[in-house]
Amino acid sequence: MQSQTVYKECFRMIETVNGNTYFLFTVQTKTKSYTIDELDVTLIDGLDHWNCKIENEMLKSLASQSGLCLLDYAEVLLSALCDEITAEGNDDVKTAFLYDVAFGSQYCQLSWKQKLSNCTFYHLGTATLTKIGTAEVVSSLQRLYNFSFREITNLKETLHSLETRCERLKQERSQAFADLKQAVETKRYAENELIAKFEKILNEKKKRIRELEDKQLFNIQQSTDSQSDSASSIELFTSDQLAPFRPGTSTCATNFFEDKDKSDSNIQKTTP
């Protein structure tokens, strides 16, 4: 006998095309001889239970009827019976799959179709489920309760973890706001202190610039006065130097002109 290992359990609600609500409890199992998951499917209407096993041979038959390869069909089948898929991009399409259930005396037929649009459906398969007896119902309910308790425990642990994380994030947020407030106050104090220092340095620089400007202006004034004195001295000296050469004021100049007249007279006498 081949040993089976539980791979995944899923409990979900489905709604048929006529508005009836049912519950599906599926268990995915794997064996060494199969490469495709087997599905143990239990349909529950709240009172009665119907069950079937979709094994490898049935998977191949359903895949052949749908026109899909085995791997693609297995993926679509798991999505239809195990995962709740929501259609995207169309608000009028609530789910990606539609379901129908037809009952007999000791069996029911579960059909599932893929909803391509509001008016287009693709039939994926039909499975016949057998109504199980009271003893098997108890076992089925026990499995369902165990699964529910495990899920509740996991959800509680997840909720506790999220609450702990939320509380930690709230504390970190409060601490971050406190640090931000302290940083703003420190920044404002540092800016005021820096502005005060800069103002002092700026005033000292302006004072120094004024002193240099006043000193430069004083030097320019002194230089201008010195140049004026030098120009006056040069003018007086030149007048004194040129005074002997003015007409009627120097004997040297008179002698020079007299000698010139004599020379001109001698030149005229010697001319034939």
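Rules and cut-offs
- Residues numbered from 1 in each chain as written.
- Predicted model: local features only at pLDDT ≥ 70, side-chain atom pairs only at ≥ 80, totals over all residues.
- Heavy atoms only, no water.
- Salt bridge = Lys/Arg side-chain N within 4 Å of Asp/Glu carboxyl O.
- Helix = DSSP H or I, 4+ residues; strand = E, 2+ residues; numbered from the N terminus.
- Buried < 20%, exposed > 50% of the residue type's maximum accessible area, 1.4 Å probe, protein only.
- Disulfide = S-S within 2.5 Å.
- Polar contact = N/O pair within 3.5 Å; in protein donor to acceptor, adjacent residues only side chain to side chain.
- Contact = heavy atoms within 4.5 Å.

Observations concerning the pattern of salt bridges
Throughout the structure, instances matching the rule amount to seven salt bridges. Ionic pairing is found between Glu 9 and Arg 150, a salt bridge with its closest N-O pair at 2.2 Å. In this pair, Glu 9 is assigned in strand E1 (residues 5-15) and Arg 150 in helix H3 (residues 134-242), connecting sequence segments 141 residues apart. The exposure class of Glu 9 is partly exposed, given its relative accessible area of 23%. In this structure Arg 150 comes out as partly exposed when scored by relative accessible area, which is 40%. Measuring nitrogen to oxygen at the nearest pair gives 3.1 Å for the salt bridge that ties Glu 172 to Arg 168.

Brief notes about the state of the cysteines
Under the defined criterion, the tally for this structure stands at zero disulfides. Just so you know, Cys 10 is unpaired, no disulfide at all, and the nearest cysteine sulfur is the one on Cys 82, 5.4 Å from it.

Some points on the side chain of His 49
For His 49, the location among the structural elements is in strand E4 (residues 49-54). Given the relative accessible area of 3%, His 49 is considered buried. At a separation of 3.3 Å, a polar atom in the side chain of His 49 contacts the side chain of Ser 140. Each residue touching His 49, except ones within four places of it in the same chain, is listed here: Thr 42, Leu 43, Ile 44, Thr 130, Lys 131, Ile 132, Val 137, Ser 140 and Leu 141.

Just distances and angles here, no functional claims.
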